[in-house]
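# Descriptive structure summary
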Amino acid sequence: MNIGFQLYSARNYPLAEVLPKVKALGYTHVEGYGSLYTDPADLKAMLDANGLTMPTAHIGIDDLENTDKTLKLAEVLGIEVVVCPWLAPEMRPTSADGWTAFGEKLQKIGKPFQDAGLGFGYHNHDFEFASYDGVFGMDLLFEAAPAVDIEADVAWIVRGGADPADWLQKRGDRVIAVHVKDLAPAGENPDEDGWADVGQGTVPWQALWPIVREQTKARYFIAEHDNPSDIDRFASRSIAAIKALGA
């Protein structure tokens, strides 16, 4: 199984130093995010020089609505799956109807990319797991957007108060990618916003891994940490932990 590295984890470190480290540790691909796309040709050259690919990419909703620009980006970088990464607070629905409307919007945004042969998905945080009359906002979104896949950020599902095992089993046929990520025990790692290296936290990955591998259609498995204080430590621990799970 190919293991990816979300470059947002390394946003505070020089990319020219991060890419060879990631490759040397055994990661085969990386996932991009917004500010990396200033010069797509230069980014592609850096990836090629380090033997890495970028099959998945986080692209903000404003750029997703600029279809031609994003299709060109995907062509240059070899992106296979375009992912809407988040919603700014002022854009987040606050009602069941709002989540349904957002799902309908995503369905429309994604169609040109799907028509071009690309995958299209949405990456969750915790706020999508607010409940509206017993239904998660995330589920309302997906009921309104039957063609949209999910890049499941499992640690954010836990932070949202949902049961990741139950939700992954319920939505496995929509899960195209997984962020393999961990949470520190309550009160620990405050300098890292409460996150932990994979395998060093409280997310029950040993129990979740068979669900991820056998009950979802995930093809991309991407290590992430939202705010690591030591990128070498995070990157090396995390790939070792993922491999130990049975990768």
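The structure this text deals with has already been given above.
From a predicted model like this one, the values you see are computed outputs, not experimental measurements.

### Description of the pairing of strand β12 (residues 220-223)
- Every second residue of β12 is oriented toward a common face, with Y220 and I222 on one face and F221 and A223 on the other, all of them buried.
- Bridge count between strand β1 (residues 3-6) and β12: three bridges; the pairing is parallel. Each bridged residue has a counterpart across the sheet, and for G4 the counterpart in β12 is I222.
- Here strand β9 (residues 175-180) runs beside β12; their pairing, made up of four bridges, is parallel. Residue pairing for β12: H179 is matched across the bridge by I222.

### Overview of the nonpolar core
- In this structure, F5, L7, V30, Y37, Y122 and W205 are the most contacted members of the largest nonpolar core, which totals 76 residues.
- At six residues, helix α10 (residues 231-244) tops the list of elements feeding residues into this core.
- The residues touching L7, leaving out its near neighbours within four places in the chain, are L15, V18, L19, V30, E31, Y33, L36 and M54.
- The next biggest cluster of nonpolar side chains, apart from the first, holds six residues, and it includes V81, I176, A177 and I222.

### A closer look at empty space enclosed by the protein
- Per the stated rule, a full pass over the model turns up one cavity of 30 Å³ or more.
- Estimated volume of the largest cavity: approximately 40 Å³.
- Taken together, V18, K21, V22, L25, I231, D232 and A235 make up the lining of the largest cavity.
- Listed by contribution, the elements that provide at least two residues to the lining of the largest cavity are α1 (15-25) and α10.
- At four residues, α1 tops the list of elements feeding residues into the lining of the largest cavity.
- Class assignment for the residues of the lining of the largest cavity results in five nonpolar, no polar and two charged.

### Details of the sheet that holds β12
- Strand order in this closed barrel of eight strands is β1-β2-β3-β4-β5-β8-β9-β12, and the pairing throughout is parallel. Pairwise comparison of adjacent strand axes, ignoring direction, gives a mean angle of 30° for this sheet.
- As defined by bridge partners, strand β8 (residues 149-153) adjoins β9 across four bridges and the pair is classed as parallel. In the sheet register, E151 faces β9, and the bridge partner there is A177.
- Against the sheet, α10 contacts β1, β9 and β12, and its axis sits at roughly 150° relative to β1.

### With respect to the environment of F120
- Checked against the element boundaries, F120 lands in strand β5 (residues 119-123).
- Once the C-alpha coordinates of F120 and K243 are considered, the two residues, 123 residues apart in sequence, prove to be 27 Å apart.
- F120 has contacts with L64, V81, V82, L106, I109, G110, F113, Q114, A147, V148 and D149, leaving out every residue within four places of it along the chain.

Definitions and cut-offs
Residues numbered from 1 in each chain as written. Predicted model: local features only at pLDDT ≥ 70, side-chain atom pairs only at ≥ 80, totals over all residues. Heavy atoms only, no water. Buried < 20%, exposed > 50% of the residue type's maximum accessible area, 1.4 Å probe, protein only. Helix = DSSP H or I, 4+ residues; strand = E, 2+ residues; numbered from the N terminus. Pairing = 2+ DSSP bridges. Core = buried A, V, L, I, M, F, W, Y, C linked by side-chain atoms within 4.5 Å. Contact = heavy atoms within 4.5 Å. 1 Å grid on protein atoms, 1.4 Å probe; cavity = no way out; pocket = protein on both sides within 12 Å on 5 of 7 lines; lining within 4 Å. Points joined across faces, edges and corners; volume = space filled by probe spheres on them. Nonpolar A, V, L, I, M, F, W, Y, C, P; charged D, E, K, R; others polar. Axes fitted to C-alpha atoms, helices over the stretch in contact; angles between N-to-C directions.

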